[in-house]
Amino acid sequence: MVVASPTPFRSEKIQAFELPIIDLSLERPEVSKLIVKACEDYGFFMVINHSVPEDIIAKMEQESLNFFAKPVCEKQKAGPANPVGYGCKNIGFNGDIGEVEYLLLNTSPLSINQLSKSVSNDPSNFSSAVSDYIQAVREVACEILDLMAEGLWVPDTAVFSRLIRDVDSDSLFRLNHYPTTVLCKDKDTSVSYNNSNMVGFGEHTDPQIVTLLRSNDVGGLQISLHDGVWTPVPPHPTAFCVNVGDVLQAMTNGRFVSVRHRALINSYKPRMSMAYFAAPPLHSWITALPEIIHRPPLYKPFTWAEYKKTAHSLRLGDGRLTLFRTC
Ligand code: GA4
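### Focus on the nonpolar core
Here is step 1 of the chain: Ile 35, Phe 45, Leu 103, Met 148 and Phe 160 are the most contacted members of the largest nonpolar core, which has 71 residues in total.
Here is step 2 of the chain: With 15 residues, the single largest contributor to this core is helix α5 (residues 123-151).
Here is step 3 of the chain: Among all residues touching Met 148, those that are not within four sequence positions of it are Ile 35, Val 36, Cys 39, Phe 45, Phe 160, Val 210, Leu 248 and Phe 256.
Here is step 4 of the chain: Counting residues in each nonpolar core, the second largest holds 25 residues, with Val 100, Leu 221, Ala 263 and Ala 275 among its members.

Quick look at the structure:
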């Protein structure tokens, strides 16, 4: 049997690169300077020595494994994703497809409790794992957002974190399961090939303020750096991967960059990831902070509800923030 490894990306350049790893236990202002630099240069960085307890991560990972190990018909009881709930391969509402199954949750306690009933045979276990995880990750997100504001010399250092501490924050939590390679046979040539390098989740930017991602020890995440070269982000055993979302790019008047990223599937090991998308309340107005505007505003003011509606009306890889440009 011939096993080739053709890829849809044969012509793409892939570049090895190390994302900044920022130690949150470092002294201020050192740590805030490092964070600002990473947000300007890459829109992505890793954080270590964060305050999320290992047992909270382990419990959430176990619940996620339990859920994805269920028979499809069981999982479908929590679907279809509309936009929250269980989804398989279909992403969003406009025909995007990926080699991924996922569970998308709104982070309000009511919503977690409701979805837990269709997700788990032991809903209270599942909902407490999710609530504990979200609470701990939200704290780290707030700490990072406060450090960003400090590093930007914004006097009101809670200007970003206040949006996600709000009880009406529209933050989301997503569990992803990327399956392993499937051997496919070309019907004309009878050559078998594996589908490594297939897209698990296609290229996109995150619409929210900031995203905190944990994954198991399996690689797959890639980011698109300045020259459009796809750059793998190796998995880290304890770190969270943090990335700037579109809203933060708008609030910093383009100083921080919301960078395109994607997830490819791995040939040999399933990849699991858990992403917390920190978002403002729906009615919040998003404008550039006056302290940061040293040039005319790049984006028209918009509400998060308006931005979210636009995101859902477009394809995954479409540029959204450009639609709100002033010129
Ligand atoms: C990308 C980031 C988050 O995973 C997400 C995604 C959402 C979805 O899966 O429903 C979107 C996508 C994401 C951006 C554009 C729209 C909305 C799919 C899609 C085509 C949950 C989010 O908030 O935006």
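### Observations regarding helix α4 (residues 109-119)
Here is step 1 of the chain: Considered for burial, the residues of α4 that qualify are Ile 112, Leu 115, Ser 116 and Val 119. Projected down its long axis, α4 carries its buried residues within an arc of 115 degrees, all on one side. Structural note: α4 exposes Leu 110, Gln 114 and Lys 117 on the side pointing more than 90 degrees away from its buried face.
Here is step 2 of the chain: Tucked inside the fold, the buried residues of α4 contact α2 (54-68), β4 (85-91), β5 (96-106) and α5.

### Some details on the environment of Arg 295
Here is step 1 of the chain: Residue position: Arg 295 is located in the loop between β16 (285-286) and β17 (302-303).
Here is step 2 of the chain: Residue class for Arg 295 comes out partly exposed when judged on its relative accessible area of 44%.
Here is step 3 of the chain: As a C-alpha pair, Arg 295 and Asn 253 span 42 residues in sequence and 8.4 Å in three-dimensional space.
Here is step 4 of the chain: Setting aside residues no more than four positions away along its own chain, Arg 295 makes contact with Asn 253, Gly 254 and Arg 255.

### Overview of the sheet that holds strand β9 (residues 199-204)
Here is step 1 of the chain: Taken in spatial order, the 4 strands of this open sheet run β9-β14-β11-β12, and their pairing is antiparallel. Two strands close off the open sheet at either side, each with one partner strand: β9 and β12 (230-232). Averaged over all adjacent pairs, the angle separating strand axes in this sheet is 25 degrees, with direction ignored.
Here is step 2 of the chain: Across 3 bridges, the pairing between strand β11 (residues 221-224) and β12 is antiparallel. Looking at the pairing, Gln 222 lines up with Pro 232 of β12.

### Some points on the sheet that holds β5
Here is step 1 of the chain: Spatially, the 8 strands line up as an open sheet ordered β2-β3-β13-β10-β15-β6-β5-β4, and their pairing is mixed. Whereas interior strands pair on both sides, the edge strands pair on one side only; in this sheet they are β2 (21-23) and β4. Averaged over all neighbouring strand pairs, the angle between strand axes comes to 25 degrees, with direction disregarded.
Here is step 2 of the chain: Here strand β3 (residues 44-48) pairs with strand β13 (residues 240-244) via 4 bridges, running antiparallel. Paired with Val 47 across the two strands is Phe 240, which belongs to β13.
Here is step 3 of the chain: Contacts between helix α1 (residues 30-41) and the sheet are confined to β2, β3 and β13, with β2 contributing the most and set at about 160 degrees to the helix.
Here is step 4 of the chain: Strands β3, β5, β6 (172-178), β10 (210-215), β13 and β15 (271-278) of the sheet are contacted by α5, whose axis makes an angle of about 130 degrees with β10.

### Section: the site of the ligand
Here is step 1 of the chain: Taken together, 15 residues sit near the ligand, with Arg 174, Asp 206, Pro 207, Gln 208 and Phe 277 positioned nearest.
Here is step 2 of the chain: Between the ligand and Arg 174, the relevant distance is 2.9 Å, taken from an oxygen atom to a side-chain nitrogen or oxygen of the residue.
Here is step 3 of the chain: Residue Gln 208 places a side-chain N or O atom 2.7 Å away from an oxygen atom belonging to the ligand.
Here is step 4 of the chain: Contact with the protein chains covers 96% of the free accessible surface of the ligand, which is 460 Å².
Here is step 5 of the chain: Spatially, the ligand is embedded in the largest cavity.
Here is step 6 of the chain: At the level of secondary structure, the elements contributing two or more residues to the shell around the ligand comprise β6 and α8 (304-313).

### Thoughts on unusual backbone geometry
Here is step 1 of the chain: Put simply, Arg 28 and Pro 29 share a cis peptide bond, and its omega is 0 degrees.
Here is step 2 of the chain: Tracing the backbone through its elements, the reader meets Pro 29 in the loop between β2 and α1.
Here is step 3 of the chain: Look at the link from Asn 82 to Pro 83: it is a cis peptide, with omega at -10 degrees.
Here is step 4 of the chain: In this fold, Pro 83 is placed in the loop between α3 (72-75) and β4.
Here is step 5 of the chain: The residue Trp 153 is not glycine, and still its phi comes out positive at about 60 degrees.
Here is step 6 of the chain: Tracing the chain through its elements places Trp 153 in the loop between α5 and α6 (161-165).
Here is step 7 of the chain: Even without glycine at this site, Asn 253 takes up a positive phi of about 50 degrees.
Here is step 8 of the chain: By the secondary structure assignment, Asn 253 is in the loop between α7 (246-251) and β14 (261-264).

Conventions and cut-offs
Residues numbered from 1 in each chain as written. Predicted model: local features only at pLDDT ≥ 70, side-chain atom pairs only at ≥ 80, totals over all residues. Heavy atoms only, no water. Core = buried A, V, L, I, M, F, W, Y, C linked by side-chain atoms within 4.5 Å. Buried < 20%, exposed > 50% of the residue type's maximum accessible area, 1.4 Å probe, protein only. Helix = DSSP H or I, 4+ residues; strand = E, 2+ residues; numbered from the N terminus. Contact = heavy atoms within 4.5 Å. Arc of directions from axis to C-beta. Pairing = 2+ DSSP bridges. Axes fitted to C-alpha atoms, helices over the stretch in contact; angles between N-to-C directions. Near = heavy atom within 4 Å. Polar contact = N/O pair within 3.5 Å; in protein donor to acceptor, adjacent residues only side chain to side chain. Areas by Shrake-Rupley, 256 points an atom, 1.4 Å probe, with all protein chains shown as cover. 1 Å grid on protein atoms, 1.4 Å probe; cavity = no way out; pocket = protein on both sides within 12 Å on 5 of 7 lines; lining within 4 Å. Sits in = over half its atoms within 2 Å of the grid points.

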